[in-house]
Amino acid sequence: MVCQIIVKMAKAKCHKCAEKCGKGKVPHDVLLKLDRAFKDFQKTDSKSLLKKYLTQEIFDKIKTKKTSFGSTLLDCVQSGFENPDSGIGIYAADPETYTIFEDIFNPIIEDYHVGFKKFSKHPTTDWGSIKDVGNVDPKGEFVVSTRVRCCRSLEGFPFNPCLTQNQYTEIESKMTNALSSLKGNLKGNYYPLTGMTKDIQQKLIDDHFLFKEGDRFLQSANACRFWPTGRGIFHNEDKTFLVWINEEDHVRIISLQKGGDLGQVYQRFVSAVTEIENKVTFMKNDRLGYLTFCPTNLGTTIRASVHIKVPKLAKDMAKLNELAEKYHLQVRGTRGEHSEAEDGIYDISNKRRLGLTEYEVIKEMYDGIVEIIKLEKGKT
Ligand code: ADP
Ligand code: ILO
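Throughout what follows, the structure given in this document is the object of discussion. Every value quoted in this text rests on a predicted model; they were computed, and no experiment measured them.

Criteria and cut-off values
Residues numbered from 1 in each chain as written. Chains lettered and ligands numbered in written order. Predicted model: local features only at pLDDT ≥ 70, side-chain atom pairs only at ≥ 80, totals over all residues. Heavy atoms only, no water. Helix = DSSP H or I, 4+ residues; strand = E, 2+ residues; numbered from the N terminus. Rg over C-alpha atoms; globule rule 2.2 N^0.38 Å. Buried < 20%, exposed > 50% of the residue type's maximum accessible area, 1.4 Å probe, protein only. Contact = heavy atoms within 4.5 Å. Areas by Shrake-Rupley, 256 points an atom, 1.4 Å probe, with all protein chains shown as cover. Lys, Arg positive; Asp, Glu negative; His and termini not counted. Charge placed at Lys NZ, Arg CZ, Asp CG, Glu CD. Salt bridge = Lys/Arg side-chain N within 4 Å of Asp/Glu carboxyl O. Axes fitted to C-alpha atoms, helices over the stretch in contact; angles between N-to-C directions. Parallel < 35°, antiparallel > 145°, perpendicular 65-115°, else oblique. Left-handed = near helix turned anticlockwise from the far one by under 90°. Nonpolar A, V, L, I, M, F, W, Y, C, P; charged D, E, K, R; others polar. Near = heavy atom within 4 Å. Polar contact = N/O pair within 3.5 Å; in protein donor to acceptor, adjacent residues only side chain to side chain. 1 Å grid on protein atoms, 1.4 Å probe; cavity = no way out; pocket = protein on both sides within 12 Å on 5 of 7 lines; lining within 4 Å. Points joined across faces, edges and corners; volume = space filled by probe spheres on them. Pairing = 2+ DSSP bridges. Phe/Tyr/Trp six-rings, centres within 6.5 Å; stacked < 30°, edge-to-face > 60°.

**Points about the overall build of the protein chain**
Secondary structure summary: the protein chain contains 14 helices and 10 strands in total. A compact globule built from 380 residues would reach a C-alpha radius of gyration of about 21 Å, and the protein chain, at 21 Å, matches this within 12%. Dimensions of the protein chain, computed from the C-alpha atoms along their principal axes, are close to 70 × 45 × 40 Å. Here the protein chain holds 380 residues, and 53% of them are scored as buried. Counted over contacts in the protein chain with a minimum sequence separation of 6, partners at least 24 positions apart contribute 72%. Carbon and sulfur atoms make up 51% of the accessible area of the protein chain, which totals about 17,700 Å². Between the mean site of the 57 positive side-chain charges and the mean site of the 51 negative ones, the protein chain shows a separation of 3 Å.

So this is what it looks like as structure tokens:
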């Protein structure tokens, strides 16, 4: 809601109100901070997409813009500025930032999601022929486990940096309410972070079921406020179906199991997402598909990964990364992004999620992993 009285009388006088109404200017101190931080950032040798695309010209064009939530360019880029080792360096402080700051988001989106242009449109949901998805490693020689996840944002709520403490608990209760009616192999319980012992929390993290705490990229993006309020995990008894609440995104829906049976994991995933979408409405955009906090997760928002041992290929990491890129895959460490491999286990997943259907994402990952296994087998 735009507060017209305050906008009229206080545009310059009261930054706070003007900010909320989205009509005022970017406060002078924010502009100063942006200018200073941008100058420092330009001096770094950051390899992030933010560094690649935030030219002086684009910066000057967008630095004075603001969304109706009051988000400024600084809210989107401060994580990338503070962490020059970021791969991307930008978050959508609220859903409007994708359009208000399109001059910086679009080239980053196009680069990450390989050719998704300013005028491209994300296709409609297509889960495809689920029964045709197979096992990437039928003999169980290389793949330790397989996981498929997607991200969702609840309609009517902004993203992390703009959420109030009450909104965090509102999202949590809307989701736990919806999840409590799931049946069969999706039936489970919700475990809030508030009140969870540190031992249990750490065990869930170590076993790859729960999100980590204290991610510095998210912290600099103002995405961890009021922690652990509203945060938690829902899972079924076998922990093959999990839902994260209010970490990086409002919701992450996950299907996970030991071995390489991508078909089974995908089947469970599709039925879970379908059931949940019958109960809650998620934010979707005509052009960008499902809207998420990080531009890497737009579109289908799907990351399908294997934990895999490929010791021969991993002797030359540069080559493995090159190979992965060829098949539109991404290599991560055992504990996810920004982590190292433990016991020779790598996390390899599809990289792009926008501009192709759900089925195409899964197929891209399947074909790539099968190829990587073939190359590992053939290596002496
Ligand atoms: P995401 O963005 O997919 O949630 P992260 O890279 O932060 O990604 O990973 C989250 C957690 O999921 C980590 O603990 C990671 O080890 C785990 N994980 C990812 N893929 C697999 C997999 N195939 N098998 C087991 N755990 C996995
Ligand atoms: N901001 C971090 C992470 C980017 C993509 N990963 C996630 C979890 N959204 C970076 O730029 O490296």
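So much for the structure itself; the text now carries on.
**Comments concerning the pattern of salt bridges**
Tallied over the entire structure, the rule returns 22 salt bridges. Among the ionic pairs, arginine 252 bridges to glutamate 248, the shortest N-O distance being 3.5 Å. One exposure class covers both arginine 252 and glutamate 248, and it is buried. Lysine 363 is the partner of aspartate 367 in a salt bridge, and the nearest nitrogen-oxygen pair spans 2.9 Å. In this pair, aspartate 367 and lysine 363 both sit in helix 14 (residues 358–378), 4 residues apart, roughly one turn of the helix. The network of salt bridges with shared partners includes Asp35, Asp60 and Lys63.

**Observations regarding the packing of helix 3 (residues 28–43) against helix 6 (residues 73–82)**
Contact geometry of helix 3 with helix 6 gives a least axis separation of 11 Å together with a crossing angle of 30 degrees. In terms of orientation, helix 3 and helix 6 fall into the roughly parallel class. Remark: the crossing between helix 3 and helix 6 carries left-handed chirality. When helix 3 is examined against helix 6, the residues Val30, Lys33, Leu34, Ala37, Phe38 and Phe41 are found in contact with a partner set consisting of Leu73, Leu74, Val77, Gly80 and Phe81. When its residues are assigned to classes, the contact of helix 3 with helix 6 shows 9 nonpolar, 1 polar and 1 charged.

**Thoughts on the site of ligand 2**
Taken together, the neighbourhood of ligand 2 is formed by Ser86, Gly87, Ile88, Gly89, Tyr91, Phe217, Glu248, Cys294, Thr296, Asn297, Glu337 and His338. A distance of 3.0 Å separates an oxygen atom of ligand 2 from a polar atom in the side chain of histidine 338. Burial of ligand 2 by the surrounding chains reaches 91%, relative to a free accessible area of 350 Å². Residues of the shell around ligand 2, tallied by class, amount to 4 nonpolar, 6 polar and 2 charged.

**Thoughts on empty space enclosed by the protein**
The full count for this structure, using the stated rule, is 1 cavity of 30 Å³ or more. Here the largest cavity defines a volume of roughly 30 Å³. Along its surface, the largest cavity is lined by Lys212, Glu213, Gly214, Asp215, Leu218, Cys224, Trp227 and Glu247. The residue inventory of the lining of the largest cavity, partitioned by class, reads 3 nonpolar, 1 polar and 4 charged.

**Quick notes on the site of ligand 1**
Taken together, 18 residues lie around ligand 1, and Ser145, Arg147, His208, Ser305 and Thr334 are the ones closest in. Taking arginine 252, its side chain carries an N or O atom lying 3.1 Å from an oxygen atom of ligand 1. Between a nitrogen atom of ligand 1 and a main-chain N or O atom of histidine 307, the distance comes to 3.2 Å. In the complex, the protein chains occlude 92% of the 560 Å² of accessible area that ligand 1 would expose alone. For the shell around ligand 1, the secondary structure elements donating two or more residues are strand 1 (143–152), strand 5 (251–258) and strand 8 (303–309).

**Regarding the pairing of strand 8**
With 6 of 7 residues buried, strand 8 lies mostly within the body of the structure. Here strand 1 runs beside strand 8; their pairing, made up of 6 bridges, is antiparallel. For valine 143, the partnering residue across the bridge sits in strand 8 and is isoleucine 308. Pairing between strand 8 and strand 10 (residues 345–350): 5 bridges, direction antiparallel. Paired with lysine 309 across the two strands is isoleucine 345, which belongs to strand 10.

**Describing the pairing of strand 5**
Every regular strand shows the same layout, with side chains that alternate between the two sheet faces. The element strand 5 is largely enclosed, with a buried count of 7 among its 8 residues. Judged from the 8 bridges that link them, strand 1 and strand 5 form a sheet pairing that is antiparallel. When the sheet's bridge partners are listed, cysteine 150 is paired in strand 5 with isoleucine 253. Here strand 4 (residues 241–245) pairs with strand 5 via 5 bridges, running antiparallel. Looking across to strand 5, one finds that leucine 242 is bridged to isoleucine 254. Connecting the antiparallel pair strand 4 and strand 5 is a turn made up of 5 residues, with asparagine 246 showing a positive phi of about 60 degrees.

**Thoughts on the packing of aromatic side chains**
Counted according to the given criterion, the structure contains 12 aromatic pairs. With a centroid separation of 6.1 Å and an interplanar angle of 80 degrees, the aromatic rings of tryptophan 127 and phenylalanine 269 are classed as edge-to-face. Highlighted residues: tryptophan 127 in the loop between helix 8 (102–112) and strand 1 and phenylalanine 269 in helix 12 (residues 262–277), separated in sequence by 142 residues. Here tryptophan 127 falls in the buried class, since its relative accessible area comes to 17%. The exposure class of phenylalanine 269 is buried, given its relative accessible area of 1%. Ring centres of phenylalanine 234 and phenylalanine 241 lie 5.9 Å apart, and the angle between their planes is 65 degrees; on these two criteria the pair is classed as edge-to-face. Exposure remark for phenylalanine 241: the relative accessible area of 1% places this residue in the buried category.

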